[in-house]
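Each chain, written out:
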Amino acid sequence: MHMLRRLLCSALVLGFAGSALAAPGPQAAPKEGVQYQVLPQKQETQAGKAVEVTEFFAYYCPHCDAFEPKLAEWIKKQGNNIVFKRVHVPAGPRVVPQQRLFYTLEAMGLLEQYHQKAFAAIHQGRMRFADDNEVIEWAAKSGIDRARFTDTYRSMGVSGKLRHASAMMEAYRVDHWPFVAIDGRFVTSPSMANQGGSDAQTEAEQQEVALGVMDALVAKARADKK
């Protein structure tokens, strides 16, 4: 299932160049090695007493787009229990403009306002965001100051974020997306969470199972901090 999800997203990258039996929930604890994995080495986090949660995603990925609304609701429900971060994964040269878009919005403090709009531009508006000019034009037409956006987009700071994303992807052993890391120790995803007995059929049902697994892992991480 991991590879299928990864291949589906990877196929879209190539396209840029051309044109509840045992479902984990409140009553069932997720199983290590099945619905989630424990990293061999804990990664450093900076969330203090809260639990750091990091999503690895890509704007072009339809599964990330589908997951985003439910994930946004989940983040709000967690409140101060978590510190949430996103990492836009690298996936070849033609995805670099999308990475730069994400990290530019983040640097400008505009991510909350424009994150979902960027998804919509690709998946509903049929934009490719496969070159710098297209991204800059979209930002300007969306009401963002062109000069400020362009300067930030081409800045060393954003270039550094791209390098950091590659290092994060390797450290967390990300091989498909969306992919979620919790407390620098646990990793799961909608595809991973639905292994080992889940009867979820639709993608939306699989996402709900994954969010239940994430609830359990956040609770476990919080308990370990006490």
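Structure shown above.
Bear in mind that the values here come from a model prediction, so they are computed numbers and not experimental data.

### Thoughts on the side chain of Gln 207
Structurally, Gln 207 can be placed in helix H9 (residues 203-225). Residue class for Gln 207 comes out buried when judged on its relative accessible area of 3%. Of the polar contacts made by the side chain of Gln 207, one reaches the backbone oxygen of Ala 66; its length is 3.5 Å. If we skip the residues at most four places from it in the chain, Gln 207 touches His 63, Ala 66, Phe 67 and Lys 70.

### Thoughts on the packing of helix H3 (residues 96-107) against helix H7 (residues 156-171)
Axis separation between H3 and H7 bottoms out at 9 Å; the angle between their running directions is 115°. The way H3 lies across H7 gives a crossing that is right-handed. Taken together, the residues of H7 that come into contact with H3 (itself represented by Val 96, Gln 99, Arg 100, Tyr 103, Thr 104 and Glu 106) are Val 158, Ser 159, Lys 161, Leu 162 and Ala 165. Among the residues forming the contact of H3 with H7, the class breakdown is 5 nonpolar, 3 polar and 3 charged.

### Quick notes on the pattern of salt bridges
For the structure shown, the criterion picks out 9 salt bridges. Here Asp 132 makes a salt bridge to Arg 154, at a shortest N to O gap of 3.9 Å. Of the two residues, Asp 132 is situated in helix H5 (residues 132-141) and Arg 154 in the loop between helix H6 (146-153) and H7; the sequence distance between them amounts to 22 residues. Glu 137 is the salt-bridge partner of Arg 146, the closest N and O atoms lying 2.8 Å from each other. Using a relative accessible area of 34% as the deciding quantity, one classes Glu 137 as partly exposed. Residues joined in a network through salt bridges with shared partners are Asp 183, Arg 185, Asp 224 and Lys 225.

Cut-off values and rules
- Residues numbered from 1 in each chain as written.
- Predicted model: local features only at pLDDT ≥ 70, side-chain atom pairs only at ≥ 80, totals over all residues.
- Heavy atoms only, no water.
- Helix = DSSP H or I, 4+ residues; strand = E, 2+ residues; numbered from the N terminus.
- Buried < 20%, exposed > 50% of the residue type's maximum accessible area, 1.4 Å probe, protein only.
- Polar contact = N/O pair within 3.5 Å; in protein donor to acceptor, adjacent residues only side chain to side chain.
- Contact = heavy atoms within 4.5 Å.
- Axes fitted to C-alpha atoms, helices over the stretch in contact; angles between N-to-C directions.
- Left-handed = near helix turned anticlockwise from the far one by under 90°.
- Nonpolar A, V, L, I, M, F, W, Y, C, P; charged D, E, K, R; others polar.
- Salt bridge = Lys/Arg side-chain N within 4 Å of Asp/Glu carboxyl O.

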